[in-house]
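A look at the structure
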Amino acid sequence: VQLQASGGGLVQPGGFLRLSCAASGSILSINDMGWYRQAPGKQRELVAQVTNGGSANYADSVKGRFAISRDNAKNTVYLQMNGLKPEDTAVYYCYADIPTGIWTARSWGQGTLVTVSS
C-alpha cells in the first residue's frame, strides 16, 4: 500500500490550501484516515482524523479552520485548511489504517510541506 500526498506550498497568513492523499495498492477497506504534522524542532502531532463513516476529530489548534473529508471510492483523504497561521507551518503527513485480517496496519504518506509566511 502506498500513500501519495499533495497540495502543500507557500501561502500568506490568512490564506488557504487543500491537501490530498490517495492510497493505492491492494486495499479492501480503510478504517481511519488522517493527518499529522511536524514543525521544525517539535514533535509530530495529530491534526485531524476521520473514520470510514465520516466522523471527524481535530486538534484544538485547528478547530474551526481546518476540515477533513474523505472519498472512500477513491481511497483519498483531504484536508481543507483555511485561515492559515504562521504556526501552521510544518510538514504534513497523511496516514491510513488498513485492516489486514488479524491486525490493522498504518501506512504513511511521504509528507508535504506547508509554509505560512508573508
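Model, not experiment: these values are computed from the prediction.

**With respect to the overall build of the protein chain**
On a plain count of helices and strands, the protein chain comes out with zero helices and 11 strands. When the helices and strands of the protein chain are read in sequence order from the N terminus, they spell out β-β-β-β-β-β-β-β-β-β-β. By principal-axis analysis of the C-alpha atoms, the protein chain measures approximately 45 × 25 × 25 Å. Counting across all 118 residues of the protein chain, residues that qualify as buried make up 40%. Considering only contacts within the protein chain whose residues lie at least 6 apart along the sequence, 53% involve residues at least 24 apart. Within the protein chain, the 7 negative side-chain charges are centred at a point lying 3 Å from the centre of the 10 positive side-chain charges.

**A word on the pattern of salt bridges**
Inspection of every chain in the model, using the stated rule, returns five salt bridges. In this structure, Lys-63 and Asp-60 form a salt bridge, with 3.1 Å as the shortest nitrogen-oxygen distance. The salt bridge involving Asp-88 is made with Arg-65; its shortest N-O contact spans 2.7 Å. Placement of Asp-88 in the loop between β8 (76–81) and β9 (90–99) and of Arg-65 in the loop between β6 (56–58) and β7 (66–71) is noted, with a sequence separation of 23 residues between them.

Reading guide: rules and limits
- Residues numbered from 1 in each chain as written.
- Predicted model: local features only at pLDDT ≥ 70, side-chain atom pairs only at ≥ 80, totals over all residues.
- Heavy atoms only, no water.
- Helix = DSSP H or I, 4+ residues; strand = E, 2+ residues; numbered from the N terminus.
- Buried < 20%, exposed > 50% of the residue type's maximum accessible area, 1.4 Å probe, protein only.
- Contact = heavy atoms within 4.5 Å.
- Lys, Arg positive; Asp, Glu negative; His and termini not counted.
- Charge placed at Lys NZ, Arg CZ, Asp CG, Glu CD.
- Salt bridge = Lys/Arg side-chain N within 4 Å of Asp/Glu carboxyl O.

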